[in-house]
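Inside the fold
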Amino acid sequence: MTKKVLMLAAKANMIQQFNHRNIKILQDLGYEVHVATNMVDFGSMSAEENERFKQWMNDNKVVAHQVDFERRMGSLKGNIRSIKQLRQIFRENSFTFIHVHSPLGSILGRLVAIKFGVPVIYTAHGFHFFKGGPKTGWLFFYPLEWIFSFITETLITINNEDYVLAKKHMHAKKVVHINGIGVDVDGAWKVTDHEKQLARERIRKELRLPNNAFLITSVGELSDRKNHKIVLEALKMMPVSERKNVYYAIAGTGGNIEMLTNLANSFGFHKHFILLGYRTDIHDINYASDISVFPSLREGLGIAGLDAVIDGTYLLATNKGGVNDYLHDEENGKLFNPNDSDTLKTLILKIMEKTEYLPKSDFLKKFDFREVDNEMYRIYQELDNE
């Protein structure tokens, strides 16, 4: 009899961005992998990337199920509809276990899984409650995570702060810590300074930057949570003479294009502000950058920030969440409060002259995807053997 496993998230981008390799690991373990997600309202990726993801699932014999999960925590009517769709999927398939992601997907997925007696692995991609976080996170999300931890076989955390909290307060049978989804540290460190320089020249030529341009970049969805506006607010506080050679580019898509554009226009920065859209050459963009800024209001680990530091780009990043797992102050960047534009302005001015690539830091090796994949293989295999 074919072993089946279900990978579940509210939006397709969560599977596309974070679970390609997990799907292949499960297939290597002999599973027929099913994916349940919303591939119509697919989240923070381009429509073209969504189509490529659906084709990838088809090419790799992944069984895809459309579930009409709504945005954020959904509506009562929408969640009831999603539960009905999930029940139908469970009735038609006997799953050995399921692996759930995202707050909404993990809650509705576990509700249905418990009815069918199916064990659950849940990856918390950064709890919505954290030190210094808003009270609403603690009042709303903490009770939900606490209650649903009782019906969780394995809870995977991706940063040290969440792991410590989960071990102390959550009730999953197992609580484990992995270092995010993993990045290609080994590959990044094989890129020579000459190759970086060629990429730097290519990107800067594409952006039509003057030779003396100081390029600040950010990578991430154009959303309130990613908080790109704080960078523009910091730049607005600078005298024109200090920012005359500064350019700011963001790689990402989302709903805040108009707001960010209007903010740049409000202080005459529109010719120096560049929206790159969805990009697949993030490493080259990092090489072209003088600094990378990662200003999220909340971040589980933050792959964009991790990519920057393994590429040797100096990083200014949020102190809200797991970024400090890989950003060591003064060694490869600086943490700041993402609500403090004045401090960010000061930090940018302080490193305006720093353009060299940073040295490799051995502690970053643990974030290599090969290390993470070995951990995921062990987690899946343990549940497979029970």
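Everything that follows concerns the structure shown earlier in this document.
Just so it is clear, the structure is predicted and the values come from calculations on it, not from any experiment.

Here the focus is the overall build of the protein chain. Within the protein chain one finds 16 helices and 13 strands. Against the compact-globule benchmark of 21 Å for 386 residues, the protein chain has a radius of gyration of 21 Å, which places it among compact chains. For the protein chain, the spread of C-alpha atoms along the principal axes amounts to about 65 × 40 × 40 Å. Taking all 386 residues of the protein chain together, 55% fall into the buried category. Contacts spanning at least 24 positions in sequence make up 70% of the contacts within the protein chain whose residues lie at least 6 apart. Just so you have it, the protein chain exposes about 17,300 Å², and 52% of that area is on carbon and sulfur atoms. Where the 49 positive side-chain charges of the protein chain centre and where its 47 negative ones centre are 5 Å apart.

Evaluation of the coordinates by the stated rule reveals 11 aromatic pairs. Their ring planes at 35° and their centres at 5.7 Å tell us that W138 and Y142 sit as a pair that is tilted. Of the two residues, W138 and Y142 both sit in helix α6 (residues 135–149), 4 residues apart, roughly one turn of that helix. Summarising the aromatic geometry, the rings of F140 and F141 are spaced 4.9 Å apart at their centres and angled 85° between planes, so their arrangement reads as edge-to-face. An aromatic cluster is present here, built from Y31, F97 and Y380 joined pairwise through their rings. Its end group placed over the ring of Y31, K3 keeps NZ or CZ at 4.3 Å from the ring centre.

Our next topic: the pattern of salt bridges. The final tally for this structure, using the stated rule, is 26 salt bridges. A salt bridge links K226 to E299; the nearest nitrogen and oxygen atoms lie 3.0 Å apart. One end of the pair, K226, is in the loop between β8 (214–219) and α10 (229–237); the other, E299, is in the loop between β11 (291–294) and α14 (303–310), and 73 residues separate them in sequence. For the pair K226 and E299, one class covers both residues: buried. Several salt bridges share partner residues, and in doing so they unite R202, E206, R279, D281 and D284 into one network.

Turning next to a nonpolar patch on the surface. There is a patch of nonpolar side chains on the surface, built from W146, I147 and F150 and spanning about 300 Å² of accessible area. For I147, the location among the structural elements is in helix α6.

Where like charges cluster on the molecular surface, the positive patch consists of K84, R87, R91 and K115. When residues of the positive patch are assigned to their parent elements, the largest contribution, 3 residues, is made by helix α4 (residues 76–92). Mapped onto the secondary structure, K115 falls in helix α5 (residues 103–116).

Moving on, we get to the pairing of strand β4 (residues 97–101). Successive residues of a regular strand alternate their side chains across the two faces of the sheet. Within β4, 5 of the 5 residues are buried, which leaves it mostly tucked inside the rest of the structure. Residues F97, H99 and H101 point to one face of β4 and I98 and V100 to the other, with burial holding for every one of them. Here 4 bridges tie strand β1 (residues 3–11) to β4, and the two strands are oriented parallel to one another. Note on β4: the bridge partner recorded for V5 is F97. Taken together, the 4 bridges between β4 and strand β5 (residues 120–124) define a ladder with parallel strand orientation. Bridge pairing links H99 to I121 in β5.

A word on the nonpolar core. Within the largest apolar cluster, 62 residues are counted, with the highest numbers of intra-cluster contacts made by I310, Y326 and Y380. Excluding its chain neighbours within four sequence positions, the residues that come into contact with I310 are V183, D184, V185, A188, W189 and L364.

Moving on: the packing of α4 against α5. The relative placement of two packed helices comes down to the angle between their axes together with the axis-to-axis distance. Following both chains from N to C, one finds α4 and α5 inclined at 45°, their axes separated by 10 Å at the closest point. Classed by the angle they form, the pair α4 and α5 counts as oblique. As for the relative orientation of α4 and α5, their crossing is right-handed in sense. Contacts from N79, S82, I83, L86, R87, F90 and R91 of α4 reach α5 at L104, L108, G109, L111, V112, A113, K115 and F116.

With parallel pairing, the 6 strands of this open sheet are ordered in space as β10-β9-β8-β11-β12-β13. Of all strands in the sheet, those bounded by a partner on one side alone are β10 (273–277) and β13 (333–336). On average, each strand axis in the sheet is tilted by 20° relative to the strand beside it, whichever way the strands run. Pairing of strand β9 (residues 246–251) with β10 involves 4 bridges; the strand directions are parallel. The residue of β10 that forms the bridge with I250 is L275. Packing of helix α15 (residues 341–350) onto the sheet brings it into contact with β8, β11, β12 (315–318) and β13, and relative to β13 it is tilted by some 170°.

Here we come to the environment of G302. If you trace the backbone, G302 turns up in the loop between β11 and α14. Looking at G302, the relative accessible area reads 5%, which means it is buried. Ignoring any residue separated from it by four or fewer positions in sequence, one finds G302 in contact with F294 and Y326.

Procedures and definitions
- Here the residue index of a chain counts from 1 through its sequence in written order.
- Local features in a predicted model are, by the rule used here, given only for residues with pLDDT of at least 70; side-chain atom pairs are given and counted only at 80 or more, and totals for whole chains, interfaces and linings are based on all residues.
- Think of the side-chain values as coming from all heavy atoms in the structure, minus any hydrogens and water.
- Helix and strand definitions here come from DSSP, where helices need a minimum of 4 consecutive H or I residues and strands a minimum of 2 consecutive E residues; each element is numbered from the N-terminal end.
- Values of the radius of gyration come from C-alpha atoms, whereas the globule rule sets the reference at 2.2 Å times the count of residues to the power 0.38.
- The buried label applies to any residue whose accessible area, calculated with a 1.4 Å probe on protein chains only, is under 20% of its type's maximum; exposed applies above 50%, and partly exposed to all values in between.
- The contact criterion used is simple: two residues touch if any of their non-hydrogen atoms lie within 4.5 Å.
- The Shrake-Rupley method, run with a 1.4 Å probe, gives the accessible areas here. Residue values count only the displayed protein chains as cover.
- Two residue types count as positive, namely Lys and Arg, and two as negative, namely Asp and Glu; His and chain ends fall outside the count.
- Charge coordinates come from a single atom per side chain, which is NZ of Lys, CZ of Arg, CG of Asp or CD of Glu.
- Any two rings among Phe, Tyr and Trp, with Trp reduced to its six-membered ring, count as a pair given centres within 6.5 Å; such a pair is stacked if its planes are under 30 degrees apart, edge-to-face if over 60, and tilted if neither.
- Remark: a charge is flagged as sitting over a ring if the NZ atom of Lys or the CZ atom of Arg is within 6 Å of the ring centre and within 35 degrees of the ring normal.
- In what follows, salt bridge is the name for a side-chain nitrogen of Lys or Arg lying within 4 Å of a carboxyl oxygen of Asp or Glu.
- Each patch is built from residues lacking any salt bridge and having more than 30% relative accessible area; the joining distance is 9 Å for like charges and 5 Å for nonpolar side chains (Val, Leu, Ile, Met, Phe, Trp, Tyr).
- The pairing criterion is simple: DSSP has to find at least two bridges between the two strands.
- Each nonpolar core is a collection of buried residues, namely Ala, Val, Leu, Ile, Met, Phe, Trp, Tyr and Cys, held together in the definition by side-chain atoms within 4.5 Å.
- Note on definitions: angles span 0 to 180 degrees between N-to-C directions of axes, and those axes are lines fitted to C-alpha atoms, for helices only across the stretch in contact.
- For classification purposes, an angle smaller than 35 degrees is called roughly parallel, one larger than 145 roughly antiparallel, one from 65 to 115 roughly perpendicular, and anything else oblique.
- Working rule for handedness: look at the near helix, and if it is turned counterclockwise from the far one by less than a right angle, call the crossing left-handed; if clockwise, right-handed.

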